[in-house]
Amino acid sequence: MKHLKYLALGATMALAFAAQPASATTTIALLVKNLGNGFFDAADKGAEQAAKDLGDVKIIYTGPTHATPEGQIDIINQLVAQKVNAIAVSANDADALVPALKKAMERGVTVISFDSGVSKDGRQMNLLASATDLIGDQCLKMASDLLNGQKGDVAILSATSTATNQNAWIDVMKKDVGKFPNVNLTSVVYGDDKQDKSYTEAKGLIDSNPNLKVIIAPTTVGIAAAAQYVEDNKLVGKVLVTGLGLPSEMINHVKSGAAPQFALWNPIDLGYAATTIAYNLATGKEKATAGGELSMGKLGKVKLDDDLSGPMAPPFVFDAKNIDEFSKVY
Ligand code: RAM
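As a starting point, this report considers the structure included with it. Here the residue index of a chain counts from 1 through its sequence in written order. Given that this is a predicted model, residues contribute local features only at a pLDDT of at least 70 and side-chain atom pairs are listed and counted only at 80 or more, while totals for whole chains, interfaces and linings are drawn from all residues. Processing note: side-chain calculations cover all non-hydrogen atoms of the structure and skip hydrogens and water entirely.

Right, let's get into the pattern of salt bridges. Any carboxyl oxygen of Asp or Glu within 4 Å of a side-chain nitrogen of Lys or Arg constitutes a salt bridge here. One pass over the structure, following the stated rule, counts 12 salt bridges. Lys141 is paired through a salt bridge with Asp145; the nearest N and O atoms lie 3.1 Å apart. Residue Lys141 and its partner Asp145 are located together in helix α5 (residues 132-146), separated by four residues, close to a single helical turn. With relative accessibility at 38%, the residue Asp145 sits in the partly exposed group. A salt bridge links Lys197 to Asp192, with the nearest nitrogen and oxygen atoms 3.4 Å apart. The exposure class of Lys197 is partly exposed, given its relative accessible area of 31%. To qualify as a helix, a DSSP run of H or I must reach at least 4 residues; to qualify as a strand, a run of E must reach at least 2; elements of each kind are numbered from the N terminus. Burial classification: accessible surface area is computed with a 1.4 Å probe over protein chains only, and a residue below 20% of its type maximum counts as buried, one above 50% as exposed, and the rest as partly exposed.

The residue Gln228 is located in helix α8 (residues 220-232) in this model. By relative accessible area, Gln228 is classed as partly exposed at 27%. As a C-alpha pair, Gln228 and Asn252 span 24 residues in sequence and 9.4 Å in three-dimensional space. Only heavy atoms matter for contacts: two residues are in contact if any of them lie within 4.5 Å across the pair. Beyond its immediate stretch of four places on either side in the chain, Gln228 contacts Tyr199 and His253.

Counting 82 residues, the largest nonpolar core has Met125, Leu127, Ile215, Trp265 and Ile277 as the members making the most contacts within it. Only buried Ala, Val, Leu, Ile, Met, Phe, Trp, Tyr and Cys residues count toward a nonpolar core, and they belong to the same one when joined by side-chain atoms within 4.5 Å. Within the second largest apolar cluster, 19 residues are counted, among which are Ala29, Val84, Val98 and Ala100.

As a matter of local geometry, the ligand sits amid 14 residues, with Lys33, Asp115, Gln166, Asp193 and Thr220 nearest to it. Polar contact is the term for a pair of N or O atoms within 3.5 Å; when the atoms are in protein, one must be able to donate a hydrogen and the other to accept it, and sequence-neighboring residues count only if both atoms are side-chain atoms. Asp115 is positioned such that a nitrogen or oxygen atom in its side chain is 2.6 Å from an oxygen atom of the ligand. Within the side chain of Gln166, an N or O atom sits 2.9 Å from an oxygen atom of the ligand. Accessibility throughout is a Shrake-Rupley quantity obtained with a 1.4 Å probe, and a residue counts as covered only by protein chains that appear here. Protein contacts shield 100% of the accessible area of the ligand, which totals 290 Å² for the unbound molecule. Sort the elements by how many residues they give to the shell around the ligand and helix α6 (residues 164-176) lands first, with three residues. Partitioned by chemical class, the residues of the shell around the ligand number six nonpolar, five polar and three charged. Distances are taken per atom, and a residue is near a molecule or strand as soon as one of its heavy atoms is within 4 Å of it. All residues other than Ala, Val, Leu, Ile, Met, Phe, Trp, Tyr, Cys, Pro, Asp, Glu, Lys and Arg, Gly among them, are scored as polar; the first ten of these are nonpolar and the last four charged.

Phi is positive for Asp115, close to 70°, though the residue is something other than glycine. The residue Asp115 is located in the loop between β4 (110-114) and β5 (125-128) in this model. Overall, Asp115 belongs to the buried group, its relative accessible area being 5%. Its identity is not glycine, yet Leu308 carries a phi of approximately 60°, on the positive side. The residue Leu308 is located in the loop between β12 (301-303) and β13 (309-311) in this model. Exposure remark for Leu308: the relative accessible area of 14% places this residue in the buried category.

The description of an aromatic ring pair rests on the distance of the ring centres and on the angle between the ring planes. Within 6.5 Å between ring centres, the rings of Phe, Tyr and Trp (the latter by its six-membered ring) count as paired, and their orientation is classed by plane angle as stacked under 30 degrees, edge-to-face over 60, tilted in between. Inspection of every chain in the model, using the stated rule, returns 10 aromatic pairs. Aromatic side chains Phe316 and Phe318 sit 5.2 Å apart centroid to centroid with 65° between the ring planes, which places their arrangement in the edge-to-face category. With a relative accessible area of 0%, Phe318 lands in the buried category. With 6.3 Å between their ring centres and 55° between their planes, Phe326 and Tyr330 make a pair best called tilted. Since its relative accessible area comes to 19%, Phe326 is described here as buried. Look at Tyr330 and you get buried, because its relative accessible area is 9%. The rings of Phe262, Phe316, Phe318, Phe326 and Tyr330 are connected pair by pair, giving a single aromatic cluster. Remark: a charge is flagged as sitting over a ring if the NZ atom of Lys or the CZ atom of Arg is within 6 Å of the ring centre and within 35 degrees of the ring normal. The aromatic ring of Tyr272 is capped on one face by Lys298, whose charged end is 4.4 Å from the ring centroid.

Laid out in structure tokens, this is it:
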């Protein structure tokens with residue numbers, strides 16, 4: 001009798017802890033920094049592709065209007081109430097989201113961060129687009145190239161001041177600037193991934209420094225806005241813009257000469273990889289462990305470090321030679 005009781009208890013516990021039944025639809029929320037950002041729209045395309053490849057998966061593409069942690073916390077609480085199976089979040093703050101995400105995990109929701117990470121205790125793993133050092137150094141290298149052998153002032157126009165990904169890349173740029181002796185890093189300003197604020201901040205940088213030669217904007221919103229400002233004010237050639245951009249949003253700025261080269265990874269693949277990882281964790285097919293690997297489906301595997309973070313792929317440089325081709329894709 002006693003044994004039976006334990007067996008029954010064991011079975012109930014197994015049910016309680018087991019991932020959802022194999023036949024159920026897996027609902028995965030792609031919670032992005034802000035809506036209306038072409039980069040995340042491309043990631044959503046990838047999420048939908050992964051959903052098709054995986055089978056019974058429903059994607060909820062969501063995010064606040066402005067890139068704030070408060071907006072994301074409200075949405076996390078709603079998603080938990082809705083009983084989604086997984087949340088893949090690009091965070092507006094590494095720490096502010098942790099309590100809400102911890103609560104989500106306590107209720108059985110799988111949580112991963114992608115693109116812009118959450119601190120380790122607020123998620124099961126973190127998918128970096130590319131290795132942080134590679135991105136920071138790539139930004140410096142492009143600025144150094146654009147200075148064309150001269151020494152010159154270079155400023156950074158970032159996204160929000162709390163964005164995990166941009167802050168990590170900026171830290172690398174500050175640490176590694178000595179590798180590029182012609183780059184004189186001056187100030188960092190924040191356009192909050194809003195077109196109008198980024199445009200005004202680009203103006204502020206240029207107005208306040210007549211010697212400014214290059215703006216590095218490690219954000220797809222910032223780089224397009226800065227290049228637009230340079231064009232609108234006939235500053236092409238005087239101030240050059242580089243950083244991380246979406247080819248579809250940058251093609252005209254490459255052609256005008258305002259932004260001759262910039263970098264990015266494939267944002268569609270990033271959404272695909274994040275969705276696949278979230279699915280495999282939510283359905284109990286895989287577990288995130290330090291030193292272990294997780295499947296990104298057709299994109300291969302990501303290897304996790306001690307922080308349970310890992311990079312998808314290296315950044316890729318776009319310029320006049322390849323912009324026509326890639327601007328059709330993302
Ligand atoms: C913006 C966002 C995103 C970042 C890209 C490069 O779209 O800030 O988080 O990865 O730029």
